[in-house]
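A closer look at the structure
Read off the chains here:
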2 protein chains.
Amino acid sequence: MYKAVVIVKRRPTILDPEGKAVEQGARLLGFNNVSGTRIGKYIEFYVNSDDVEAVKKEIEEYAGKLLSNPIMEDFEYSFEKVEND
Amino acid sequence: MYKAVVIVKRRPTILDPEGKAVEQGARLLGFNNVSGTRIGKYIEFYVNSDDVEAVKKEIEEYAGKLLSNPIMEDFEYSFEKVEND
């Protein structure tokens with residue numbers, strides 16, 4: 001069994017309205033040193049397999065088809081072996 | 001200037017409906033090895049200061065007050081010095 005972490009970010013050229021909104025809130029609260037806030041997703045899950053190549057393939061397909069939008073987002077991932085519970 | 005990364009996750013005991021929904025979609029597409037999907041936030045921003053203690057304080061307040069919900073989420077952060085553009 002492997003534990004995977006996938007990080008999904010909007011491409012740098014694509015506007016991030018959520019980040020802009022949070023930053024506007026920050027200004028109102030007096031955070032004047034914060035800039036360039038961009039909000040992406042941090043996803044954790046388990047893959048129930050012990051074949052590293054199969055695990056990689058499963059993570060890439062899951063991330064590419066369900067966790068990210070291939071038109072405007074990129075993803076990166078890492079994984080590590082964990083003991084079955 | 002520092003670049004900060006904040007990761008916000010729901011506490012482990014708190015239900016993650018978004019993760020459950022994505023995983024249900026995964027089952028329909030034939031991903032049968034994936035389990036325990038939990039979706040959090042990955043946030044990047046810049047802090048315009050060169051005083052490490054001030055940077056830490058700013059990140060902690062920004063993350064605690066605006067980026068996370070202290071009732072049901074935890075955050076962790078890291079930061080590194082970057083050159084001003």
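Everything here concerns the structure above.
Calculation notes
- Residues numbered from 1 in each chain as written.
- Chains lettered and ligands numbered in written order.
- Predicted model: local features only at pLDDT ≥ 70, side-chain atom pairs only at ≥ 80, totals over all residues.
- Heavy atoms only, no water.
- Helix = DSSP H or I, 4+ residues; strand = E, 2+ residues; numbered from the N terminus.
- Rg over C-alpha atoms; globule rule 2.2 N^0.38 Å.
- Contact = heavy atoms within 4.5 Å.
- Expected span 1.5 Å × (residues − 1).
- Buried < 20%, exposed > 50% of the residue type's maximum accessible area, 1.4 Å probe, protein only.
- Arc of directions from axis to C-beta.
- Polar contact = N/O pair within 3.5 Å; in protein donor to acceptor, adjacent residues only side chain to side chain.
- Pairing = 2+ DSSP bridges.

1. So, the overall build of chain A
Counting secondary structure elements, chain A contains two helices and three strands. Going from N to C terminus, chain A has its helices and strands arranged as β-α-β-α-β. Taking 2.2 N^0.38 as the reference for a compact globule, 85 residues should give roughly 12 Å; the C-alpha atoms of chain A span a radius of gyration of 17 Å, well beyond that estimate. Taken over the C-alpha atoms alone, chain A extends approximately 50 × 30 × 15 Å along its principal axes. A sequence separation of at least 24 residues applies to 72% of the contacts in chain A between residues at least 6 apart.

2. Notes on helix H1 (residues 17-28) of chain B
For H1(B), with 12 residues, the first-to-last C-alpha span of 17 Å sits near the 16 Å given by 1.5 Å per residue. Of all the residues in H1(B), the buried ones are B:Gly19, B:Val22, B:Glu23, B:Gly25 and B:Ala26. The buried residues of H1(B) occupy an angular sector of 155° when the element is viewed end-on, so they sit on one face. Within H1(B), the exposed residues directed more than 90 degrees away from the buried face are B:Lys20, B:Gln24 and B:Leu28. Where H1(B) is buried, its residues touch helix H2 (52-67) of chain A together with strand S2 (34-47) of chain B. The N-cap residue of H1(B) is B:Asp16: its side-chain oxygen and the backbone nitrogen of B:Glu18 are 3.2 Å apart. A positive backbone phi angle near 95° is found at B:Gly30, which sits one or two residues after H1(B).

3. Some remarks on the pairing of strand S1 (residues 2-10) of chain B
Residues and elements named next belong to chain B. Alignment of S1 against S2, held across seven bridges, turns out to be antiparallel. What sits directly across from Val8, in S2, is Lys41. Here S1 pairs with strand S3 (residues 73-81) via nine bridges, running antiparallel. The residue of S3 that forms the bridge with Lys3 is Glu80.

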